[in-house]
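# Examining the three-dimensional arrangement
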Amino acid sequence: MISHSKVKNMNWKEVAVSRSSKIKEVIDIIDRSGAQIALVVNDSDVLQGTVTDGDIRRGILKGIDLDSPVDKIYNKTPYTLSNETDISEITEIMKNRYLKQIPIVDSCNRVVRLELLKDYLQKSFSPNLAVIMAGGLGERLRPLTNECPKPMLKVGGKPILEIMLNSLLKHGIRKVYISLNYKADIITDYFGDGSKMGMDIQYIHEKEKLGTAGALTLLPEKPKSSILVINGDLLTKINFLHMFEFHNKHQSNATMSVIKYDFQVPYGVVDINGESIIKINEKPTHNFFINAGLYVLDPEIIELIPNGKKFDMTQLFELCILNNKKVTAFPIREYWIDIGGPEDFKRAAKEVYELT
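Analysis parameters
Residues numbered from 1 in each chain as written. Predicted model: local features only at pLDDT ≥ 70, side-chain atom pairs only at ≥ 80, totals over all residues. Heavy atoms only, no water. Buried < 20%, exposed > 50% of the residue type's maximum accessible area, 1.4 Å probe, protein only. Helix = DSSP H or I, 4+ residues; strand = E, 2+ residues; numbered from the N terminus. Arc of directions from axis to C-beta. Contact = heavy atoms within 4.5 Å. Pairing = 2+ DSSP bridges. Axes fitted to C-alpha atoms, helices over the stretch in contact; angles between N-to-C directions. Parallel < 35°, antiparallel > 145°, perpendicular 65-115°, else oblique. Left-handed = near helix turned anticlockwise from the far one by under 90°. Nonpolar A, V, L, I, M, F, W, Y, C, P; charged D, E, K, R; others polar. Salt bridge = Lys/Arg side-chain N within 4 Å of Asp/Glu carboxyl O. Patch = residues over 30% accessible without salt bridge, like charges linked within 9 Å, V, L, I, M, F, W, Y side chains within 5 Å. Areas by Shrake-Rupley, 256 points an atom, 1.4 Å probe, with all protein chains shown as cover. Core = buried A, V, L, I, M, F, W, Y, C linked by side-chain atoms within 4.5 Å.

### Some words on helix H3 (residues 87-96)
For H3, the set of buried residues is Ile87, Ile90, Thr91, Ile93 and Met94. Relative to the axis of H3, the buried residues are bounded by an arc of 160° and lie together on one face. In this structure, the buried side of H3 is in contact with strand E4 (81-82), strand E5 (101-105) and strand E6 (111-116). A positive backbone phi angle near 55° is found at Tyr98, which sits one or two residues after H3.

Laid out in structure tokens, this is it:
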């Protein structure tokens, strides 16, 4: 039995919000607390609902603005337990129901405390592995990449690839394959087998350019669980485990990270019906979700990729759709930048503090 007295519970009021709190404010509270949840309560501390990372991302996909009140996205019927429940029973329920948090309430549904499963478990590493696509030529960043592969360009004193690996390790992912082609020896000499970082790093060598998905056919063995695939030229503060959780919760076969992109038409757009002008929209802004270069794939999805051919992730996802696989979009709300050209590289150098 686990002794509750040995565990220091966080003060649940640190994650308490009202129904009128703005979503962006709730995001900040969730991220700062580390509890991965916010409790929606009234002035009498009566629990009205909860907000998790998944609730926020689903709201983003629905187009709900982050300045909107959390009332638009919160879960009004959260799972709770009575404060009479024994702590050993609470932890067993959390494990069996795959719950990371449970609000504990009294007979009037007032919050008494917040139980977090992580408080009762030893830190462990994720069984999932990651594959980083780091074989690109980086042509748009020449002359910087004439002698250095793009993932090894330094941002804030560290190579892009090292920042990414540290982020993976932070979230418990320590087994990584890096796909290489252009100036591969610079990367292998720098990281070796990863033991100095506390990681297990292995390399996939592309003899020919295989695109953003083709290199997965070179994995030495079929993964036993879903894998994370990352383009080697991006930086982000995303919690990779949240993406795996999203993928599993939605019973997806392939998940693509997406990020909102605003495009403003630089002209007045004229709506016409026949020869008649119906409306004039002056420089309207259109919103899209674009591919953000991070993916979670089930092992069987890799089998759809043709061997020895250049094959991109967009082609793989189209093939998944054609084969009636469950394909989902995971919206990124955290810091993210794709270092495609010189301006992106300069911006990343200025914004590297976002990653610390």
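### What about the pairing of strand E14 (residues 254-264)?
Two strands pair when backbone bridges link them, and E14 and strand E17 (residues 285-297) are joined in this way by 10 bridges, in the antiparallel orientation. What sits directly across from Gln264, in E17, is Thr285. With 5 bridges joining them, E14 and strand E18 (residues 327-331) adopt parallel strand pairing. Note that in E18 the partner of Ala254 across the bridge is Val327.

### Things to note about the sheet that holds E18
Two orientations exist for strands paired in a sheet by backbone hydrogen bonds: parallel and antiparallel. Taken in spatial order, the 7 strands line up as E11-E10-E7-E12-E17-E14-E18 in an open sheet, and their pairing is mixed. Among the strands making up the open sheet, the edge pair consists of strand E11 (200-205) and E18. Averaged over all neighbouring strand pairs, the angle between strand axes comes to 35°, with direction disregarded. Examined bridge by bridge, strand E10 (residues 175-180) and E11 share 6 bridges and lie parallel to one another. What sits directly across from Ser179, in E11, is Ile204. Where helix H2 (residues 53-61) meets the sheet, its contacts fall on E14, E17 and E18, and the angle it forms with E18 comes to roughly 105°. Across the sheet, helix H5 (residues 184-191) touches E10 and E11, and the angle it forms with E11 is around 165°.

### With respect to the packing of helix H4 (residues 160-170) against H5
H5 packs onto H4 with a crossing angle of 45° between their chain directions and a minimal axis gap of 11 Å. It follows that H4 is oblique to H5 by the angle criterion. At the point where H4 passes H5, the crossing takes the right-handed sense. Seen from H4, the contacting residues are Leu161, Glu162 and Leu165; seen from H5, they are Ile187, Tyr190 and Phe191. A breakdown of the residues in the contact of H4 with H5 according to their chemical character gives 5 nonpolar, no polar and 1 charged.

### Focus on the sheet that holds E6
As summarised here, the arrangement of the 3 strands in space is E4-E5-E6, forming an open sheet in which the pairing is mixed. Edge positions in the sheet fall to E4 and E6, since each of these pairs with one other strand and no more. Pairing geometry for E4 and E5, over 2 bridges, is parallel. Residue pairing for E5: Ser82 is matched across the bridge by Val105. Contacts from H3 reach E4, E5 and E6 within the one sheet, and its direction differs from that of E6 by about 55°.

### Notes on the pattern of salt bridges
Close approach of charged atoms allows side chains of opposite charge to pair. According to the stated counting rule, one finds 15 salt bridges in the structure shown. With its nearest N and O atoms 2.7 Å apart, the salt bridge here joins Arg333 to Asp53. Taken together, the residues span a long stretch of sequence, with Arg333 in the loop between E18 and strand E19 (336-338) and Asp53 in helix H2 at a distance of 280 residues. For the pair formed by Arg333 and Asp53, the shared burial category is buried. Bridged by salt links that share partners, the residues Asp31, Asp53, Arg57, Arg333 and Glu334 form one connected network.

### A closer look at a nonpolar patch on the surface
On the surface, a nonpolar cluster with roughly 400 Å² of combined accessible area is contributed by Val270, Ile272, Ile277 and Ile280. Counting residues per element, the ones that place at least two in the nonpolar patch are strand E15 (268-273) and strand E16 (276-282). Counting through the fold element by element, Ile280 comes out in strand E16. Overall, the relative accessible area of 56% leaves Ile280 in the exposed class.

### Regarding helix H9 (residues 313-322)
Along H9, the residues that are buried comprise Met313, Leu316, Phe317 and Cys320. Here the buried residues of H9 occupy an arc of 95° about the axis, which is enough to place them on one side. Away from its buried face by more than 90 degrees, H9 exposes Glu318, Ile321 and Leu322. Buried positions along H9 lie against helix H6 (211-214), strand E12 (227-231), E14, E17, helix H8 (299-302) and E18.

### Focus: the nonpolar core
Among the nonpolar cores identified, the biggest contains 46 residues, and Leu165, Leu168, Leu228, Leu294 and Ile339 are the most heavily contacted of them. Tallying contributions element by element places H4 first for this core, with 7 residues. Apart from the residues within four sequence positions on either side, Leu165 is in contact with Ile132, Val176, Ile178, Phe191, Met197, Met199 and Ile201. Counting residues in hydrophobic clusters, the runner-up holds 26 residues, among them Val15, Val40, Ile64 and Val111.

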